[in-house]
Amino acid sequence: MELRQIQYFVTVAEVLNFGRAAEQLGMGQPGVSQQIARLERELGVQLFDRSARAIRLTEAGQRFLPAARAVLVSVDQARAAATGRSGHAVRLGTSTGLGERLETVVAELAAKGVQVELVSTSTRARLDRVRGGQLDAAFVRGSNETAGLEFVPVWEDDLLIALPASVAPVGDIALKELSALPLRITSRRNNPPLVDLVMTACAAEGFEPVLGPQSNSLQDTHAAIGAGTPSWTVIYESHAQLLREGRVVFRRPLPRLALTTSLAVPAGTTVGGELAVLLEACRKASDRFE
């Protein structure tokens, strides 16, 4: 059993998709699949059920996952001990759309002499890694109640409407004006708070949006809308600020759409040391963009 096989297994288990796991690991999908298959042969068990369209962990895989995460944490601790470091960089889970707020947080930490290691992965994976000790904290959006974790609100993230420039009105746009256009949005399983927010807001305006084709990434959705296809999506304002308007334009919705961003930390964590510095950096990021 090799360390890289354990890392590959944990990554695949968190995203439940060999292609996305390969992207996160920066390698080809065949290589990941081969190493997982080799690990399964060495263990003498099947870790993933590949019989359905979407893979899932077998019972053996579910038992193996916490132990595999513990191995990775131990390796980090051993590396720190061997190099004589008294501590480690703050391992911070991130997601798409944090924009300049994240840049501000990292800059504030650097100014305080705190190193930070950024890890971008799915919401579920971020929460699992915080609970398992692989991350010290993670940014998550929307209300959360997860055993073993606490959530500290840090700022509000406004959402904008992304539309083809050819059909976008001037100024703010009422949600009900979008009732005839297909909505391109991720599946609920990928982002329940976001999907629930949008669907509930549309229902309050008296319509249920027609769902358009789903994409695996916001970049693909942006490209499809930019091609002129009459459709719309939502995008975090902090992310939109990093993009240039062209074939796709951004409009503020009426009523306002926003999600609370929180910092997920292990339950019972004492607010002190590096965590206190991190929370102060988040406060400054929030104040700067209010």
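What comes next is a walk through the structure. Note that this is a predicted model, so its numbers are computed, not measured. (Residues numbered from 1 in each chain as written. Predicted model: local features only at pLDDT ≥ 70, side-chain atom pairs only at ≥ 80, totals over all residues. Heavy atoms only, no water.)

**Some words on the overall build of the chain**
Check the secondary structure of the chain and you find 10 helices and 11 strands. Against the globule reference of 19 Å for 290 residues, the chain gives a C-alpha radius of gyration of 21 Å, in line with a compact fold. Here the chain holds 290 residues, and 44% of them are scored as buried. Contacts spanning at least 24 positions in sequence make up 74% of the contacts within the chain whose residues lie at least 6 apart. Total accessible area computed for the chain in this model is approximately 14700 Å², and 50% of it derives from carbon and sulfur atoms. Across the chain, 31 positive and 31 negative side-chain charges occur, with their mean positions spaced 5 Å apart. (Helix = DSSP H or I, 4+ residues; strand = E, 2+ residues; numbered from the N terminus. Rg over C-alpha atoms; globule rule 2.2 N^0.38 Å. Buried < 20%, exposed > 50% of the residue type's maximum accessible area, 1.4 Å probe, protein only. Contact = heavy atoms within 4.5 Å. Areas by Shrake-Rupley, 256 points an atom, 1.4 Å probe, with all protein chains shown as cover. Lys, Arg positive; Asp, Glu negative; His and termini not counted. Charge placed at Lys NZ, Arg CZ, Asp CG, Glu CD.)

**Quick notes on the pattern of salt bridges**
Enumeration according to the criterion identifies 17 salt bridges in this entry. For arginine 4, the salt bridge goes to glutamate 2, with nearest N and O atoms at 2.7 Å. Taking relative accessible area as the criterion, arginine 4 reaches 38% and is therefore assigned partly exposed. The salt bridge involving aspartate 128 is made with arginine 131; its shortest N-O contact spans 2.5 Å. With aspartate 128 and arginine 131 both in helix H6 (residues 123-132) and three residues apart, this pair spans about one turn of that helix. Residue arginine 131 is classed as partly exposed on the basis of its relative accessible area, which comes to 40%. (Salt bridge = Lys/Arg side-chain N within 4 Å of Asp/Glu carboxyl O.)

**A short note on the environment of isoleucine 185**
Summarising the element assignment, isoleucine 185 is placed in the loop between strand S7 (173-174) and helix H7 (192-204). A relative accessible area of 8% places isoleucine 185 in the buried class. Placed 53 residues apart in sequence, isoleucine 185 and serine 238 show a C-alpha to C-alpha distance of 18 Å. When near neighbours in sequence (up to four residues on either side) are disregarded, isoleucine 185 contacts Val195, Val198, Leu211, Gln214, Thr233 and Val234.

**A short note on empty space enclosed by the protein**
Rolled over the atoms, a probe with the dimensions of a water molecule shows which regions are left empty. Here the structure, examined in full by the defined rule, presents one cavity of 30 Å³ or more. Taken as a whole, the largest cavity encloses approximately 30 Å³ of empty space. Every residue lining the largest cavity is listed: Glu108, Leu109, Lys112, Val277, Glu280 and Ala281. Within the residue set of the lining of the largest cavity, elements represented by two or more residues are helix H5 (99-111) and helix H10 (273-288). Sorting elements by how many residues they give to the lining of the largest cavity places H10 first, with three residues. When its residues are assigned to classes, the lining of the largest cavity shows three nonpolar, no polar and three charged. (1 Å grid on protein atoms, 1.4 Å probe; cavity = no way out; pocket = protein on both sides within 12 Å on 5 of 7 lines; lining within 4 Å. Points joined across faces, edges and corners; volume = space filled by probe spheres on them. Nonpolar A, V, L, I, M, F, W, Y, C, P; charged D, E, K, R; others polar.)

**Some points on H10**
For H10, built from 16 residues, the straight-helix expectation of 22 Å at 1.5 Å per residue is met to within 8% by its first-to-last C-alpha distance of 23 Å. The set of residues buried in H10 consists of Leu275, Leu278, Leu279, Ala281, Cys282, Ala285 and Ser286. Projected down its long axis, H10 shows its buried positions confined to an angular sector of 155°, all on one face. Among the exposed residues of H10, those oriented more than 90 degrees off its buried face are Gly273 and Arg288. The secondary structure elements touched by the buried residues of H10 are strand S3 (90-94), H5, strand S5 (137-141), strand S6 (149-164) and strand S11 (258-266). (Expected span 1.5 Å × (residues − 1). Arc of directions from axis to C-beta.)

**Considerations on the nonpolar core**
Counting 22 residues, the largest nonpolar core has Ile161, Leu163, Leu175, Leu178, Val198, Trp232 and Val234 as its most contacted members. Of all the elements in the fold, those that place two or more residues in this core are S6, H7 and strand S8 (233-236). In terms of residue count, the dominant contributor to this core is H7 (five residues). Of all hydrophobic cores here, the second largest spans 21 residues; its members include Val10, Val12, Ala22 and Leu65. (Core = buried A, V, L, I, M, F, W, Y, C linked by side-chain atoms within 4.5 Å.)

**A short note on the packing of helix H1 (residues 3-15) against H6**
Packing of H1 against H6 brings their axes to within 8 Å, and their N-to-C directions diverge by 130°. One finds that H1 runs oblique with respect to H6. Residues Thr11, Ala13, Glu14 and Val15 of H1 pack against Arg124, Ala125 and Arg129 of H6. Residues belonging to the contact of H1 with H6 are distributed by class as follows: three nonpolar, one polar and three charged. (Axes fitted to C-alpha atoms, helices over the stretch in contact; angles between N-to-C directions. Parallel < 35°, antiparallel > 145°, perpendicular 65-115°, else oblique.)

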